[in-house]
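Observations on the model geometry
The lines below spell out each chain.
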Amino acid sequence: MAKYVLAADYTLMTDYRNVPLATFFSCIPTDYWQSRLVFRILADQPKLDAQGRPIRVPYGLRKVEASLVRAFGREDVVIADPRDVDRYIDDETEVVGLHSMDPLGLGPVSMSFTMGGVLTPYTKAKFLELVKRVQRPNRKYKVVLGGPGAWHFDYRQEMQASLGIDHIVHGEVDHLVPEIFDRIVNDSAPPVMRFTNATAPTVDQIPKILGPTMHAMNEVMRGCGRGCEFCEVTLRRPRYFPFDYIGDEIAVNTKVGQSSIQLHSDDIFLYNLENWKTMEPNEDAVKDLFRFVMAQPGVSHCYPTHGTISAAVTNPGLIRDISEIVHAGPDKWVGIQSGIETGSPALSRAVLHRKAAPFTAEEWPDLVVEGTQILNRNYWYPAFTIILGLPGETPEDAWMTVDLLDRMEQIPNSHFITAPLTFVPIGVLRGEEFYNIDEMIDESRFNVAYRAWRHVLLEIDKDLWQLTRLPAPTRALVVATGRIGGRYILGIMHRYARRMGFRIRAPAKTRRQAEGHTLSFPAA
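So, here is what we can say about the structure in this document. Each chain carries its own residue numbering, running from 1 in the direction its sequence is written. At least 70 in pLDDT is required for a residue's local features to be given in this predicted model, at least 80 for side-chain atom pairs to be given and counted, and no such filter applies to totals for whole chains, interfaces and linings, which use all residues. In computing side-chain values, all of the structure's heavy atoms are included and hydrogens and water are not.

Turning our attention to the sheet that holds strand β10 (residues 260-264). DSSP bridges decide pairing: two strands pair if at least two such bridges lie between them. Helical segments are the DSSP runs of H or I of at least four residues, strand segments are the runs of E of at least two, and each set is numbered from the N terminus. If you trace the three strands from one edge of the open sheet to the other, you get β7-β10-β11, paired in parallel fashion. Two strands in the sheet have a free side with no partner beyond their single neighbour: β7 (217-219) and β11 (301-304). Strand after strand, the sheet turns through a mean of 30 degrees between neighbouring axes, direction not considered. We call two residues in contact whenever any of their non-hydrogen atoms come within 4.5 Å of each other. All axes here are fitted lines through C-alpha atoms, helices being fitted over the stretch that makes contact, and every angle between N-to-C directions spans 0 to 180 degrees. Lying over the sheet, helix α9 (residues 283-294) contacts β10 and β11, oriented at roughly 145 degrees with respect to β11.

In this model, the second largest pocket occupies a volume close to 650 Å³. Looking at the second largest pocket, it is lined by 29 residues, and the ones nearest its centre are Phe113, Met115, Ile489, Ile492 and Met493. Examining the composition of the lining of the second largest pocket, we find that nine residues originate from one element, helix α17 (residues 472-500), more than from any other. Under this grouping Gly is polar, as are all residues other than the nonpolar Ala, Val, Leu, Ile, Met, Phe, Trp, Tyr, Cys and Pro and the charged Asp, Glu, Lys and Arg. Taken together, the residues that form the lining of the second largest pocket break down as 22 nonpolar, four polar and three charged. Here a cavity denotes grid points, spaced 1 Å and computed from the protein atoms alone, that fit a 1.4 Å probe unable to get out, and a pocket denotes an open set having protein on both sides within 12 Å along at least 5 of 7 lines; residues with an atom within 4 Å of a point are the lining. Grid points are joined across faces, edges and corners, and a volume is the space filled by probe spheres set on the points.

Let us now look at the nonpolar core. When a protein is soluble and globular, its nonpolar side chains tend to lie buried together. Core analysis: the biggest nonpolar cluster contains 101 residues, and Phe269, Phe290, Val293, Val326, Met408 and Phe446 have the highest contact counts within it. When residues of this core are assigned to their parent elements, the largest contribution, nine residues, is made by helix α16 (residues 443-467). The contact partners of methionine 408, leaving out residues within four places of it in the chain, are Ile340, Val368, Val369, Thr372, Phe384, Ser414 and Phe416. For this analysis, a nonpolar core means a set of buried residues of the types Ala, Val, Leu, Ile, Met, Phe, Trp, Tyr and Cys, connected via side-chain atoms within 4.5 Å. Only protein chains enter the accessibility calculation, which uses a 1.4 Å probe; a residue is then buried when its area is under 20% of its type maximum, exposed when over 50%, and partly exposed in between. One finds Val85, Tyr88, Leu145 and Ala150 within the second-largest nonpolar core, a separate group that totals 26 residues.

So, about the sheet that holds strand β3 (residues 95-99). One open sheet accounts for six strands, arranged β2-β1-β3-β4-β5-β6; its pairing is parallel. The open sheet has two edge strands with one neighbour each: β2 (77-79) and β6 (192-194). Taken over all neighbouring pairs, the strand axes of this sheet differ in orientation by 20 degrees on average, direction set aside. Judged from the three bridges that link them, strand β5 (residues 167-170) and β6 form a sheet pairing that is parallel. Bridge assignment links isoleucine 168 to a residue of β6, and that residue is valine 192. Packing of helix α2 (residues 59-72) onto the sheet brings it into contact with β1 (4-8), β2 and β3, and relative to β1 it is tilted by some 170 degrees.

Rendered as structure tokens:
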């Protein structure tokens, strides 16, 4: 048995049948039979090797594994299947390390799906299952938690002790993991450890992954710099991984047959950025990155995790060229996650800061519309986030977001989805109040959420079949599940609106209406 047992909860170990963006379904509530059916169908079991260990693992957990193996050797480190993690724990175990994303259901998507935490999302339920599995009476080993979800315990501090978590680690510690584990074993580590940019690793200090990652994720850069106040990653200093590093990690994923590579960054268009004043992309560097990845043996496609839509408007030729490099087309779309957050220029100026750069905050709604057109024209499929309850948001701001959705839906042959998130106080806004849906929702913000989810359902009906690469019977089951689940959520929202006395503004039917020439307020 290993001295160091690592694990992540079930929602982070399933690939959701490789359905694009189906990972969002990890945040649906466990409280209804319909949602339980949807999760059971979409969240297929983790793929295991001959020893019963997960083949593909969250990227962040692979970094912890690599750091420990480099310091202590392969035999002392194991990543376990969350469903039977307890079989790896014995008298030799010294530390059990848990990787978290949304451990207490406080993440923006979960808070939106669960009425502000009134219900229980699968992310929380499966994390609690995992924590329960790693506890034993009179245990001598220590339980430590890290990962992007560690901040939850700043807001629910009492949960650390009640769940039996001995230590929580905040920050980038790729290079410090062995030291941290040593301190934990020797009882010289505090219950909460925080690491900042002052101790953040350089690229040379970050170990390369040793095994395949979920969705063939490979990191190409860290940090951002656009300064959105609600965002945690913008606080990190930018670092860029060189091609040889990226190539070695890609080879780990292609070795097991993963040919579609996910390039992780906080904003792909900032790779090797040179002009921090205008934030216009370094076109040559970004294109060279995609060319390099596509040239790697076994790679047939690649796509970025995140990017800012203003870059598409600044450099439409860059989007076109990347599409050519990755062979994008009607049957091969490039997915990307991007934040709209609001349709209000005033909120954009106050909270989003340089998200519109090199344009102004006043141009933000126009940038979103034009950027969506440019992306779609080049076979890019954006998944946009919208945040309800940003500090200082007024009903007028919220209606501007509804107006923006109207305009986006009038783009000919448009393809995008919109995920409404509730404001969560992270980034420089730590300490602000969570957006509580039950207490703070009003007619304008409800309409934002309703219109966003209505559009998701439209996209499921229109695009999910062609975007899902599965055998026809399985694809039909997944599409049917998505349609049923989407309509179920929309039905809940209709009933909620009636109970609260909210009117639902009908979507614009023409571009003229979307641009504000219709002042009526009919019910949908």
